[in-house]
Amino acid sequence: MKIEGKDCRALWFEDGTLKFIDQRKLPYKLEIYTAKTVDDVAFAIKDMVVRGAPAIGAAATYGMVLGVNDLKNTAEKLRKTRPTAYDLFYAVDFMVSKIKDGGDALDAANNYVEDLIDRCRRIGENGEELIKEGMKILTHCNAGALATVDYGTALAPFYIAHRKGKKFFVYADETRPRCQGLLTDWELTQEGIDHAVIADNAAGHFMKNGEIDMVITGADRIVSNGDFANKIGTYEKAVLAKENNIPFYVAAPISTFDKTIKSGDEIIIEERGRDELAIINNCKIMPDYTKVKNPAFDVTPAEYVTGYITEEKITKKLE
Ligand code: MRU
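The structure presented is a predicted model; accordingly, all values stated were derived computationally and were not measured.

Here we take up the domain arrangement of the protein chain. Per the domain assignment, the segments making up the protein chain are domain 1 (2-118) and domain 2 (126-315). Each of domain 1 and domain 2 has a C-alpha centre, and these two points are 22 Å apart. Contact with domain 1, which involves 35 residues of that partner, is made by 36 residues of domain 2. Summed over the shared surface of domain 1 and domain 2, the result is one salt bridge. Among the ionic pairs, Glu270 bridges to Arg82, the shortest N-O distance being 2.9 Å. The interface formed by domain 1 and domain 2 contains 15 residue pairs in polar contact (both at pLDDT 80 or more). Those elements that provide at least two residues to the side of domain 1 that touches domain 2 are β1 (2-3), α2 (53-66), α4 (86-100) and α5 (105-128). Tallied by class, residues from the side of domain 1 that touches domain 2 come to 23 nonpolar, three polar and nine charged.

In C-alpha cells, the structure reads:
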C-alpha cells in the first residue's frame, strides 16, 4: 500500500515488537501502535487496532512469536479475541504446528505473512480481469491493504487494474457502525482511484438506477457449501444485487475458507458493544436509555454469489 507515496504495510515486526497502523485512529490520524507482549496483540485484535480477517491472522502469528514460551496459553488467548474471522484460527493452528515441528517462530510468522501478501496480489491479478473499462463497482466494509497487511482482497483487483491504467469508479459503503468504508476511502485516496463513499442504505438506489455494474466484497469465513460471513450489511447488498441482475463476487485467500463447517448457519457471529453504535468520534448520538443490538457480521447464502475470487482462480461454485 502507498502512504503519501511510500510503500507501507498494515503491520510489521521490528526490534522484537509488533507495530500496527492504528486503524482506530484512521482516517483522521496516522498513528503507530506497538505491541510488546501477547496481551498487547490480543488487545489490538479485540479493540480493532488491527482488523480484517487476513490481517487479524497475520497479527496472531506474531502474537505467537511474542508468547512462544507459553505456547498453549498464547494460542488460547489469541483464539478467544474474535470469533468470526477464520483466518485467526488458521494462523494460530499454522504457528502451533510449525513450532511443534521445531521451526523457528519468527521465521514461520514472516513466511506466513509474505505468503499472505503474495496470495492477495494473485487475488488482485485474477480479479482484475473482471474489471472492464468504465465500470462502476460497489464494495462493502474495508477489504484493502489495511485488512490484509498489503494489497487486500476485494480491493486488490482495483489496485492492479488501476496500475494497469484502467478507468473505473468505486462506490464504498460507509459501513456503519464502525465506518470501515472510510478506511476504504483513505486507501483509494492514497492510490488515486476514483471513488465516492455512500450511506449504507443508498446502495439499492444506485443499483436500481443502473449506477452499479458489479459488487466485490471480502469475507471473514467461507464455509464448505459456499455460504460466507462478512461485515454486517453484506447480505442485504447481495440480495439487492441479485434482484437487480448485478454480479456479486467474494474475494478471499485460502486462509478464509473453513472446510470444517458445512453451512453458514453454523458460523458464530460476533456481537460487539453498544458504544460502537451510540458514539461517533467521542460524540453521543443516542440517549443513554437507548438499547442497541450490534452484530458485527452477517451470513450470505451461496446462491447470491456469482463467483469466488481466490489466489488460484475465479470459481463459480465451491466443490
Ligand atoms: O470487523 P472487521 O472490520 O474486522 O470486519 C472486516 C470485514 O468484514 C472484511 O470485509 C473482511 O474481513 C474481509 S477483509 C479482507
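What follows is about the pattern of salt bridges. Under the counting rule described, the total for this entry stands at 25 salt bridges. One salt bridge in this structure joins Arg24 and Asp22, with 2.8 Å as the shortest N-O distance. We note a salt bridge from Lys284 to Asp288, for which the minimum N-O separation is 2.9 Å. In this structure, Lys284 and Asp288 share a single accessibility class: exposed. What emerges from the salt-bridge pattern is a single network uniting Asp22, Arg24, Lys25, Glu31 and Asp47.

Under the defined criterion, the tally for this structure stands at 11 aromatic pairs. Each ring, one from Phe20 and one from Tyr33, has its centre 6.0 Å from the other, and the planes form 50 degrees; the classification is tilted. Taken as a pair, Phe20 in strand β4 (residues 17-21) and Tyr33 in strand β5 (residues 32-35) lie far apart in primary sequence, 13 residues in all. Of the two residues examined, Phe20 and Tyr33, each falls in the buried class. Three or more aromatic residues joined by ring pairs make a cluster, and in this case those are Tyr86, Tyr90, Phe94 and Tyr112. Directly above the aromatic system of Phe297 lies the positively charged group of Lys231, at a separation of 4.3 Å from the ring centroid.

This paragraph deals with the packing of helix α1 (residues 38-46) against helix α3 (residues 71-79). One way to put it is that α1 packs onto α3 with a least axis distance of 9 Å and a crossing angle of 15 degrees. Of the possible angle classes, the one that applies to α1 and α3 is roughly parallel. Along this stretch, α1 crosses α3, giving a crossing that reads as right-handed. Side by side, α1 and α3 meet where Val38, Asp39, Val41, Ala42 and Ile45 of the first sit next to Thr74, Lys77 and Leu78 of the second. The residue makeup of the contact of α1 with α3, split by class, is five nonpolar, one polar and two charged.

Reading guide: rules and limits
Residues numbered from 1 in each chain as written. Predicted model: local features only at pLDDT ≥ 70, side-chain atom pairs only at ≥ 80, totals over all residues. Heavy atoms only, no water. Domains from an automatic or database assignment. Contact = heavy atoms within 4.5 Å. Salt bridge = Lys/Arg side-chain N within 4 Å of Asp/Glu carboxyl O. Polar contact = N/O pair within 3.5 Å; in protein donor to acceptor, adjacent residues only side chain to side chain. Helix = DSSP H or I, 4+ residues; strand = E, 2+ residues; numbered from the N terminus. Nonpolar A, V, L, I, M, F, W, Y, C, P; charged D, E, K, R; others polar. Buried < 20%, exposed > 50% of the residue type's maximum accessible area, 1.4 Å probe, protein only. Phe/Tyr/Trp six-rings, centres within 6.5 Å; stacked < 30°, edge-to-face > 60°. Lys NZ or Arg CZ within 6 Å of the ring centre and 35° of its normal. Axes fitted to C-alpha atoms, helices over the stretch in contact; angles between N-to-C directions. Parallel < 35°, antiparallel > 145°, perpendicular 65-115°, else oblique. Left-handed = near helix turned anticlockwise from the far one by under 90°.

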